[in-house]
Amino acid sequence: MTTFGIATQSKEQALASLNDMTGNLLPIQTDEYLARIATAQKYMQANNIDAIYLNAGTNLTYFTGMRWYASERMVGAILPAKGEVQYIAPYFEIGSLNGFKVIEGPIRGWQEHESPYSLFVNMLCEMGIDQSGTIGIDESAQFFIFDGINKAQTGLNLINAQPVTAHCRMHKSANELALMQRAMDMTLAVHQATASMLYEGISTVEVEDFIKQAHQKVGAPGNYFCIVLFGVATSFPHGVKDPQHLKKGDMVLIDTGCKVHDYISDITRTYVFGEATPRQRTFWEYEKAAQIAAFEAAKIGEPCENVDIAARSYLASQDLGPEYQTPGCPHRTGHGIGLDIHEWPYLVGGNKTPLGEGMCFSNEPMLVVQDEFGVRLEDHFYMTSQGPQWFTQPSHSIDDPFGLN
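Residue positions within a chain follow its written sequence, with the count starting from 1. Restriction of local features to residues with pLDDT of at least 70 applies here, the model being predicted, together with a cutoff of 80 or more for giving and counting side-chain atom pairs; totals for whole chains, interfaces and linings are based on all residues. Side-chain metrics rest on all non-hydrogen atoms present in the structure, leaving aside hydrogens and water.

Caption draft 1: Focus on the overall build of the chain. Looking only at helices and strands, the chain has 11 helices and 18 strands in total. Since a compact globule built from 405 residues should have a radius of gyration of about 22 Å, the 23 Å found for the chain is in line with a globular shape. Projected onto its principal axes, the C-alpha positions of the chain cover 75 × 45 × 40 Å. In the chain, which comprises 405 residues, the proportion classed as buried is 55%. Runs of E in the DSSP output that reach at least two residues are strands. Runs of H or I that reach at least four are helices, and both are numbered from the N terminus. Note that the radius of gyration is over C-alpha atoms, with the globule rule given as 2.2 Å times the number of residues to the power 0.38. Using a 1.4 Å probe on the protein chains alone, a residue whose accessible area is under 20% of its type maximum counts as buried, one over 50% counts as exposed, and one in between counts as partly exposed.

Caption draft 2: Here's a closer look at the pattern of salt bridges. Salt bridge, as used here: a side-chain nitrogen of Lys or Arg that lies within 4 Å of a carboxyl oxygen of Asp or Glu. One pass over the structure, following the stated rule, counts 20 salt bridges. Its salt-bridge partner being Glu176, residue Arg36 comes within 3.4 Å of it at the nearest N-O pair. Highlighted residues: Arg36 in helix α2 (residues 30-46) and Glu176 in helix α8 (residues 174-196), separated in sequence by 140 residues. According to the relative accessible area criterion, Arg36 is buried, its value standing at 6%. Of the charged contacts in the structure, one is a salt bridge between Glu372 and Arg279, with a shortest N-O distance of 2.8 Å. Note that Glu372 is positioned in the loop between β15 (367-369) and β16 (373-375) and Arg279 in helix α10 (residues 278-297), a separation of 93 residues in sequence. Residue Arg279 is classed as partly exposed on the basis of its relative accessible area of 39%.

Caption draft 3: Quick peek at unusual backbone geometry. With an omega of 0°, the peptide bond between Gly321 and Pro322 qualifies as cis. For Pro322, the position within the fold is in the loop between α11 (305-317) and β12 (334-336). Cis geometry is adopted by the peptide bond preceding Pro345, which originates at Trp344 and carries an omega value of -15°. Take Pro345: it is sitting in strand β13 (residues 343-347). Phi is positive for Asp262, which is not a glycine, with a value near 85°. Positionally, Asp262 belongs in the loop between β9 (259-260) and β10 (263-264). A positive phi angle, near 65°, is found at Asp319, a position not held by glycine. As for its placement among the helices and strands, Asp319 is situated in the loop between α11 and β12.

Caption draft 4: Region of interest: the sheet that holds strand β6 (residues 157-160). In this description, strands pair whenever DSSP reports at least two bridges between them. The sheet built from six strands is open, its strands ordered β4-β3-β2-β1-β5-β6 with mixed pairing. The open sheet has two free edges, formed respectively by β4 (107-110) and β6, since each of these has just one partner strand. On average, each strand axis in the sheet is tilted by 25° relative to the strand beside it, whichever way the strands run. The contact criterion used throughout is that any non-hydrogen atoms of two residues lie within 4.5 Å. Axis angles are defined between N-to-C directions and span 0 to 180 degrees, where every axis is a line fitted to C-alpha atoms and, for a helix, only to the segment in contact. Contacts between helix α6 (residues 143-152) and the sheet are confined to β1 (51-55), β5 (134-137) and β6, with β6 contributing the most and set at about 165° to the helix.

Caption draft 5: Broad picture of α10. The length a helix should cover is 1.5 Å for every residue beyond the first. Under the 1.5 Å per step criterion, the end-to-end length of α10 is 29 Å for 20 residues, consistent within 8% with the ideal 28 Å. Among all positions in α10, only Gln280, Arg281, Phe283, Trp284, Tyr286, Glu287, Ala290, Gln291, Ala293, Ala294, Phe295 and Ala297 are buried.

Caption draft 6: Region of the structure containing the side chain of Arg269. As for its placement among the helices and strands, Arg269 is situated in strand β11 (residues 267-272). N or O atoms closer than or at 3.5 Å make up a polar contact, with two conditions inside protein: a donor-capable atom paired with an acceptor-capable one, and, for residues adjacent in sequence, both atoms drawn from side chains. At 2.7 Å, the side chain of Arg269 forms a polar contact with the side chain of Asp379. At 3.2 Å, the side chain of Arg269 and the side chain of Ser395 are in polar contact.

Caption draft 7: Main features of the domain arrangement of the chain. The domain architecture assigned to the chain consists of domain 1 (11-24 + 172-390) and domain 2 (48-170). Where each domain starts and ends follows an automatic or database-derived domain assignment. Using C-alpha coordinates to define each centre, domain 1 is positioned 35 Å away from domain 2. Between domain 1 and domain 2, a total of about 950 Å² is buried, with carbon and sulfur atoms accounting for 55% of that surface. Each of two parts loses accessible area, computed with a 1.4 Å probe, when they are put together; buried area is these two losses added. Interface area lost by domain 1 to domain 2 is led by Asp262, Leu339 and Trp344, which between them contribute 61%. In this assembly, domain 1 and domain 2 are joined by three salt bridges. Notably, a salt bridge pairs Asp340 with Arg169, separated by 3.1 Å at the nearest N-O pair. In this assembly, domain 1 and domain 2 are joined by five residue pairs in polar contact (both at pLDDT 80 or more). For the side of domain 1 that touches domain 2, the leading source of residues is β13, giving three residues. Along the lines of polarity and charge, the residues of the side of domain 1 that touches domain 2 split into six nonpolar, two polar and five charged. Amino acid classes used here: Ala, Val, Leu, Ile, Met, Phe, Trp, Tyr, Cys and Pro are nonpolar; Asp, Glu, Lys and Arg are charged; the rest, including Gly, are polar.

Caption draft 8: α2, seen in detail. For α2, which comprises 17 residues, the first-to-last C-alpha distance of 25 Å matches the rise-based estimate of 24 Å (1.5 Å per residue) to within 8%. Inspection of α2 places Glu32, Tyr33, Arg36, Ile37, Ala40, Gln41 and Met44 among the buried residues, and these make up the whole buried set. At its buried positions, α2 is contacted by β1, α3 (58-64), β2 (76-80), α7 (162-169), α8 and β10. Trailing α2 by a residue or two, Asn48 shows a phi angle of about 55°, which is positive.

Caption draft 9: Region of the structure containing the packing of helix α5 (residues 116-126) against α6. At their nearest, the axes of α5 and α6 sit 8 Å apart, and the two run at 60° to each other. On the basis of their axis angle, the class for α5 and α6 is oblique. At the point where α5 passes α6, the crossing takes the right-handed sense. Taken together, the residues of α6 that come into contact with α5 (itself represented by Tyr117, Ser118, Phe120 and Val121) are Phe144, Ile145, Gly148, Ile149 and Ala152. Grouping the constituent residues of the contact of α5 with α6 by class yields seven nonpolar, two polar and no charged. When an angle is under 35 degrees it counts as roughly parallel; over 145 it counts as roughly antiparallel; between 65 and 115 it counts as roughly perpendicular; any other value is oblique. Helix crossings get a hand from a simple test, with the near helix turned counterclockwise from the far one by less than a right angle marking a left-handed crossing and a clockwise turn marking a right-handed one.

Below, the structure written as structure tokens:
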């Protein structure tokens, strides 16, 4: 059997093997933001929604290009069913926000002692929206914003804006797919470099630090997130509190990603440091087969849940599970991805959303063997008119996960 995972080069050599991969990439341009606004407005008009509020965060960025963080102060925008976007922010932030503005529109300010919620309601009136109108509130907005608006208004029908935001965001454009493809390629290169420098005794903290440097070397700001697990800790899907040190025979699980012009990568590789045992090898093969079963079930027009059902049915045929029981897969098969690492739609039982062109998903029906190890192979795919297409090719084998031999 082939032994994999023993260091073939030093950390310095591994970093030196990487190069900036972000050349010739363009962020989303103004015309695409305008097209997104037009799509949202068409949907709102068809569904009798008068306006939606976009809070600071990814929804605001998606529709307007403005990058701002959510805080205890209300910063956002009103996107009406007809007319231009209007922004709302504290007065002292207006100068800064103008520097981040991509889509034009007035910024209305409120002083620290004033109510931004009353200003919000007044802005709706000035925009010609009836006081009995239907207003969608950004699903990611903090509760105090909804509560403040609700107390300031009389007669408005406040609803969740998710039907509008999800309708637009879950179908990625060619430009979005290109950015995500490059981010995935970058993270896969980081994974390969990381596997080449592992040595007995290295800590998970050291590996995390290397991955951050490696992402920077390929052109990302650093890790958007990073999970590194060894041995028994791999049986905890999102990690454990304490760091571990690598031993021969340990299962290694590394789940990491970066951002490229706001779009996120997310790839997990699992392999053994040294020689895999027959049991480790068997469960790794179960995981690979479940991932392929999920991919093959992804068909245009079929419900998202079918992908999860396919993975779970295969595992049940191997006496794993059933459902979420372990040994088996304790969570959904996958999530959508884009500006957020987890976004609509989800590959989970009960989700009847039809698979459509431009939807992007993780495929990760992780196997957990409690008190022993876990195996997660995570790659992403996007839907085309002809069916699913991988962003990154799945792991080749437990002995050659990157298909290099």
